[in-house]
Amino acid sequence: MDRKKNQIINIPNLVSLIRILTTPFLFYFAFTHQPHWFIGVLLFAVFTDVLDGFLARLLNQITAVGSRLDSWGDFFIYTAMAVCAWILWPEIIIREKLYWLIIVLSFTLPVIVSLIKFRTISSYHTWSVKLAVAVTVVSYVLLFTELLDWPIRVAAVFCLYAAIEEIAITLLIHHELVDVRTVWQALRFKRNNRCR
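In what follows, the accompanying structure is described.

Calculation notes
- Residues numbered from 1 in each chain as written.
- Predicted model: local features only at pLDDT ≥ 70, side-chain atom pairs only at ≥ 80, totals over all residues.
- Heavy atoms only, no water.
- Helix = DSSP H or I, 4+ residues; strand = E, 2+ residues; numbered from the N terminus.
- Rg over C-alpha atoms; globule rule 2.2 N^0.38 Å.
- Buried < 20%, exposed > 50% of the residue type's maximum accessible area, 1.4 Å probe, protein only.
- Contact = heavy atoms within 4.5 Å.
- Areas by Shrake-Rupley, 256 points an atom, 1.4 Å probe, with all protein chains shown as cover.
- Lys, Arg positive; Asp, Glu negative; His and termini not counted.
- Charge placed at Lys NZ, Arg CZ, Asp CG, Glu CD.
- Salt bridge = Lys/Arg side-chain N within 4 Å of Asp/Glu carboxyl O.
- Axes fitted to C-alpha atoms, helices over the stretch in contact; angles between N-to-C directions.
- Parallel < 35°, antiparallel > 145°, perpendicular 65-115°, else oblique.
- Nonpolar A, V, L, I, M, F, W, Y, C, P; charged D, E, K, R; others polar.
- Core = buried A, V, L, I, M, F, W, Y, C linked by side-chain atoms within 4.5 Å.
- Expected span 1.5 Å × (residues − 1).
- Patch = residues over 30% accessible without salt bridge, like charges linked within 9 Å, V, L, I, M, F, W, Y side chains within 5 Å.

With that out of the way, let us pick up the overall build of the chain. Counting its secondary structure elements, the chain contains 10 helices and 0 strands. Helices and strands in the chain line up, N terminus first, as α-α-α-α-α-α-α-α-α-α. At 17 Å, the chain has a C-alpha radius of gyration in line with the 16 Å of a compact globule built from 196 residues. Expressed as lengths along the three principal axes of its C-alpha atoms, the size of the chain is roughly 55 × 35 × 25 Å. Taken over 196 residues, the chain has a buried fraction of 44%. Within the chain, residue pairs in contact and separated by at least 24 positions form 74% of the contacts whose partners lie at least 6 positions apart. When the accessible surface of the chain is summed, it comes to about 11100 Å², and 71% of that surface belongs to carbon and sulfur atoms. Each charge class in the chain can be summarised by its mean position, and for the 18 positive and 13 negative side chains these summaries are 12 Å apart.

Next up, the structure:
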């Protein structure tokens, strides 16, 4: 029982839980039209996304529960990013609607495909998603602080590729897996299982 408890209650999982708990604050700052606070809390949430994985590896506390909790945290934060951006900056969203739609669909469609096939959110943590998230967060801040708008178009391309890879992984594997870093890893897994 203690071993199972350690898989659920550990420092990386608490960091992921903190990320989930920032979601109401993001909505509060959006609804009260406090964009600076919103961006500050968002950057803190993104920092916790980097921190939980780093701590899990450093403390050797990588668990399936933690991987799923991390994915749920990501889903909450990126959903909040999309909804709150519409609340705070509707004119910018309308101006960049094609790229914004690609980004929103890129994190929504893989979740829908995974829910249909496995009845849960996928927890692949692919390298392409990590890169897409980094590019998207930077472009998000640049767009909504009105410093630069072209990075959001670059982010849309990265997000589109990441979404296609995640959907491909879901379609390739026969049962739910966590921490599948690339579609090539999924192909190897599928080939190895076929040989058995």
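Still to come is the rest of the account.
With respect to the secondary-structure elements, Ser139 resides in helix 8 (residues 127-144). Accessibility expressed as a relative area gives 0% for Ser139, which makes it buried. Once residues lying within four places of it in the same chain are set aside, the contact partners of Ser139 are Pro151, Ile152 and Ala155.

We now examine the side chain of Asp70. With respect to the element layout, Asp70 can be found in helix 5 (residues 64-88). Setting aside anything within four residues of it in sequence, one finds Asp70 in contact with Ser16, Arg19, Asp49, Asp52 and His125.

All right, on to the pattern of salt bridges then. Inspection of every chain in the model, using the stated rule, returns 8 salt bridges. Asp70 serves as the salt-bridge partner of Arg19, at 2.4 Å between the closest nitrogen and oxygen. With Arg19 in helix 2 (residues 11-21) and Asp70 in helix 5, this residue pair connects regions lying 51 residues apart in the sequence. Both residues of the pair, Arg19 and Asp70, count as buried. Two residues, Glu96 and Arg153, come together in a salt bridge whose shortest N-O distance is 2.9 Å. Pair noted here: Glu96 is in the loop between helix 6 (90-95) and helix 7 (97-118) and Arg153 is in helix 9 (residues 151-172), with a separation of 57 residues, a long-range link.

Next up on the list: the packing of helix 4 (residues 35-58) against helix 8. The contact between helix 4 and helix 8 brings their axes to 12 Å, and the two run at 170°. The orientation of helix 4 relative to helix 8 falls into the category roughly antiparallel. Judged by residue contacts, Phe38, Ile39, Leu42, Leu43 and Val46 of helix 4 engage Val137, Tyr140 and Val141 from helix 8. Here the residues of the contact of helix 4 with helix 8 sort into 8 nonpolar, no polar and no charged.

Bringing the nonpolar core into the picture now. By size, the foremost hydrophobic cluster in this structure holds 36 residues, and its most contacted members are Phe38, Leu42, Trp89, Trp100, Tyr140 and Phe144. Within the residue set of this core, elements represented by two or more residues are helix 3 (23-31), helix 4, helix 5, helix 6, helix 7, helix 8 and helix 9. Take this core: its biggest share by element is 9 residues, from helix 5. When sequence neighbours within four positions are dropped, the list of residues in contact with Phe38 reads Leu26, Phe29, Cys84, Leu88, Trp89 and Tyr140.

For the rest of this paragraph, the subject is the environment of Leu17. With respect to the element layout, Leu17 can be found in helix 2. Between the C-alpha atoms of Leu17 and Asp52, which are 35 residues apart in sequence, the distance is 9.6 Å.

This next bit is on helix 9. Across its 22 residues, helix 9 extends 32 Å between first and last C-alpha, which sits within 8% of the 32 Å expected from 1.5 Å per residue. Among the residues of helix 9, Pro151, Ile152, Ala155, Ala156, Cys159, Ala162, Ala163, Glu165, Glu166, Ile169, Thr170 and Leu172 are the ones counted as buried.

Here we take up a nonpolar patch on the surface. Together, Leu131, Leu147, Leu148, Trp150, Val154 and Phe158 line one region of the surface with nonpolar side chains, adding up to about 560 Å² of accessible area. Assignment of secondary structure puts Leu147 in the loop between helix 8 and helix 9. Residue Leu147 is classed as exposed on the basis of its relative accessible area of 60%.

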